[in-house]
Amino acid sequence: MASATRMGVLALLWGSGFLWIKIALDNGLTPGWITSLRCLLGAGVLLALAYGAGQRLPGLGDRRTWGRLAVAAFFCNALPFLLFSVGEQTVDSGVAGVMNATTPLWSLLIGLGLGTERPLGAARLGGLLLGFTGVLLIFAPWSAGSGLMSGGALALLAAGASYAVAFAYMARRLTGRGTAPLALSAAQLLTATALSVPALTVPTLGVVGSDGPGSSVLGLTVGGTGWPTWTGVLAVVALGILATGLTFHLNYRMIAEEGPTSAATVGYLLPVVSVTLGALVLDEPLTARVLVGMAVVLAGVGLTRRRPRVPSRAVEPAV
């Protein structure tokens, strides 16, 4: 019961991130500001937790670790956070959550390209094809007024692919570095904050097909909505503290105390949470196509994670 409650709380906090992004966008913040503030606030939470646990950041003289953190911060934080915010300018928050679930599909493709994944069997190949079929079903490129080639859809898919690149790199370059994980993650988010600063000065961060005028002074005006409202500011605070910093800590504890299987299960709940919150809070349309597409994507991801059964050895009868 306690494990299920912990998974539910983690899925709710993590999956709510797409809702907070949408609210912030609708209340005067641009993708650049959302990304930078999210990284900064998340880093603040992790720094406080790391300090309380007696963990310290890598030394300034450790250039190799900081260089690797810069690569990880770009692909795991700065770039995907920005792409999700860009995508949600024209795509519902619930759909963005479903696109987040495509990361294992991209990871499988990258692993095959790098030679780190074994050849695909029938089940995993079917899962890969099924997962991307679900993406096609959600965006319905054959439908008028929508399409997979829209800027928002491509930004969300690219965000999932960016996570996959980051995970592949971090598994090779950052694991086993001898630094406590909370401090290392805090350092990574601090680096991501610095990397996302240039996005603050971009005049327009709209995607293809977005309506209305672009942003103006330091990206603080979106579509003529003016300066951010307190609702938008509070949404970013919730995004950075709850859906970024705190969720990492809870996920880390779950892996440490209950194993990676329980933590991986949360990944299947995130799309359900994002779709539900989008429908209840933002009145986003809950169409049958999106629901079926989400189920198809998750089924495909489940098949790609299957592992072949090891045949049990026959037991010799005792003499």
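Residues numbered from 1 in each chain as written. Predicted model: local features only at pLDDT ≥ 70, side-chain atom pairs only at ≥ 80, totals over all residues. Heavy atoms only, no water.

## Quick word on the overall build of the chain
What counts here: Under the scheme used here, helices are H or I runs from DSSP no shorter than 4 residues and strands are E runs no shorter than 2 residues, and both carry numbers assigned from the N terminus. Partly exposed residues are those whose accessible area sits between 20% and 50% of the maximum for their type, while under 20% is buried and over 50% is exposed, using a 1.4 Å probe and protein chains only. Contact criterion: two residues are considered in contact whenever any of their non-hydrogen atoms come within 4.5 Å of each other.
Check the secondary structure of the chain and you find twelve helices and zero strands. Along the chain direction, N to C, the helices and strands of the chain fall in the order α-α-α-α-α-α-α-α-α-α-α-α. Burial analysis of the chain (319 residues in total) assigns 45% to the buried set. Of all intrachain contacts in the chain linking residues separated by at least 6 positions in sequence, the fraction that spans at least 24 positions is 81%.

## Focus: the confidence of the model for the chain
Applicable threshold: Confidence of the prediction at every residue is given by pLDDT, a number between 0 and 100.
Per-residue confidence for the chain gives a mean pLDDT of 83; residues scoring 70 or more make up 81%. Note that pLDDT drops below 50 for residues 203-225; the model gives that stretch 47 contacts with residues more than four away or on any other chain. Contacts from residues 312-319, a stretch scored under 50 in pLDDT, to residues over four places away or in other chains number zero contacts.

## Some thoughts on the packing of helix α2 (residues 17-26) against helix α3 (residues 31-52)
Any two packed helices are characterised by how steeply their axes cross, that is the angle between the axes, and by the distance between the axes. Rules: Each axis is a line fitted through C-alpha atoms, and for a helix only the stretch in contact is used; angles between axes span 0 to 180 degrees, taken between their N-to-C directions. Oblique is the label for any angle not covered by the other classes, which are roughly parallel (under 35 degrees), roughly antiparallel (over 145) and roughly perpendicular (65 to 115). Left-handed is the label given to a crossing in which the near helix is rotated counterclockwise from the far helix by less than a right angle, and right-handed is the label when the rotation is clockwise. The nonpolar class holds Ala, Val, Leu, Ile, Met, Phe, Trp, Tyr, Cys and Pro. Asp, Glu, Lys and Arg form the charged class, and all remaining residues, Gly among them, are polar.
Taken N-terminus to C-terminus, the directions of α2 and α3 make an angle of 130°; their axes are 10 Å apart at the nearest point. With respect to α3, the element α2 is oriented oblique. As for how α2 packs across α3, the hand of that crossing is right-handed. From α2, I21, A24 and L25 reach across to α3, where they touch P31, I34 and R38. Residue composition of the contact of α2 with α3, grouped by class: five nonpolar, no polar and one charged.

## Focus: the packing of α2 against helix α5 (residues 93-100)
In the contact formed by α2 and α5, the axes pass within 9 Å of each other and the chain directions differ by 135°. The pairing of α2 with α5 is recorded here as oblique in orientation. Here α2 and α5 pass one another in a crossing that is right-handed. Of α5, the residues touching α2 (which contributes F18, L19 and K22) are S93, A96, G97 and N100. Of the residues assigned to the contact of α2 with α5, the class counts are three nonpolar, three polar and one charged.

## Digging into a nonpolar patch on the surface
Using the following cut-off: Surface patches are drawn from residues lacking salt bridges whose relative accessible area is over 30%; two like charges belong together within 9 Å, two nonpolar side chains (Val, Leu, Ile, Met, Phe, Trp, Tyr) within 5 Å. Surface accessibility follows the Shrake-Rupley procedure with a 1.4 Å probe radius. Residue values consider only the protein chains on display as shielding. Take a side-chain nitrogen of Lys or Arg and a carboxyl oxygen of Asp or Glu: if they are within 4 Å of each other, that pair is a salt bridge.
A cluster of nonpolar residues, W230, V233, V237, I241 and L242, forms a patch on the protein surface that exposes about 440 Å² of accessible area. For V233, the location among the structural elements is in helix α10 (residues 230-258). According to the relative accessible area criterion, V233 is partly exposed, its value standing at 33%.

## Description of the environment of A78
Assignment of secondary structure puts A78 in helix α4 (residues 63-87). Accessibility expressed as a relative area gives 6% for A78, which makes it buried. Distance from A78 to V197, taken between C-alpha atoms, is 9.4 Å for residues 119 residues apart in sequence. Dropping the residues within four chain positions of it, A78 is found in contact with T35, A73, A192 and L195.

## Here we look at the packing of aromatic side chains
Defined as follows: Aromatic rings from Phe, Tyr and Trp, with only the six-membered ring used for Trp, were paired whenever their centres fell within 6.5 Å, and each pair was classed as stacked if the ring planes differed by under 30 degrees, edge-to-face if by over 60, and tilted otherwise. A ring has a charge above it when a Lys NZ or an Arg CZ is no more than 6 Å from the ring centre and no more than 35 degrees off the ring normal.
For the structure shown, the criterion picks out five aromatic pairs. When the centroid spacing of 5.0 Å and the interplanar angle of 85° are considered together, the rings of F74 and F75 count as edge-to-face. F75 gets classed as partly exposed once you look at its relative accessible area, which sits at 27%. Ring centres of F84 and Y163 lie 6.1 Å apart, and the angle between their planes is 35°; this geometry places the pair in the tilted category. With F84 in helix α4 and Y163 in helix α8 (residues 151-173), this pair connects stretches of sequence that are 79 residues apart. With a relative accessible area of 12%, Y163 lands in the buried category. Among the aromatic residues, those joined into a ring-pair cluster are F18, F84, Y163 and F167. One Lys or Arg, R38, reaches over the ring of F81 and ends 3.7 Å from the middle of that ring.

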